[in-house]
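# Observations on the model geometry
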Amino acid sequence: MRVTVDVKGEETHEVDLETAEGTSAAGSSPPTYAELLAAIDYSPHEVSVLVDGHPVPEDQPVETDEVTVLRLIKGG
């Protein structure tokens, strides 16, 4: 499955989840959003993944071909 990952304010990535490093092997469970993030060098602790404008859990299987990633800002 090929997924377009739009990192807001940064670049857009095209990720092939069947060949991306760090994703589940073919024939096993479907890749998760955490694995998708790992493929583009992000941690679930520093971003939120949105599908159709709604956040999705990092352990949910990827079932769409377009996602948006928002970097989280923290400070004090």
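Residues numbered from 1 in each chain as written. Predicted model: local features only at pLDDT ≥ 70, side-chain atom pairs only at ≥ 80, totals over all residues. Heavy atoms only, no water.

- The name given to the chain in an unreviewed UniProt entry is Sulfur transfer protein involved in thiamine biosynthesis, with the source organism recorded as Halovivax ruber.

### Brief notes about the overall build of the chain
- Within the chain, the secondary structure is distributed over one helix and five strands.
- From first element to last, N terminus to C terminus, the chain shows the α and β order β-β-α-β-β-β.
- Taking all 76 residues of the chain together, the buried fraction comes to 34%.
- Accessible surface computed for the chain: about 4900 Å², of which carbon and sulfur atoms make up 48%. (Helix = DSSP H or I, 4+ residues; strand = E, 2+ residues; numbered from the N terminus. Buried < 20%, exposed > 50% of the residue type's maximum accessible area, 1.4 Å probe, protein only. Areas by Shrake-Rupley, 256 points an atom, 1.4 Å probe, with all protein chains shown as cover.)

### As for the pattern of salt bridges
- For the structure on display, the rule yields four salt bridges.
- Here glutamate 46 and arginine 71 are joined by a salt bridge, their closest N and O atoms 3.5 Å apart. Taken as a pair, glutamate 46 in the loop between helix H1 (33-39) and strand S3 (47-51) and arginine 71 in strand S5 (residues 66-71) lie far apart in primary sequence, 25 residues in all.
- Residue classification places arginine 71 among the partly exposed residues on the basis of a relative accessible area of 41%.
- When salt bridges with common partners are traced through the structure, they connect Glu10, Glu46 and Arg71 into a single cluster. (Salt bridge = Lys/Arg side-chain N within 4 Å of Asp/Glu carboxyl O.)

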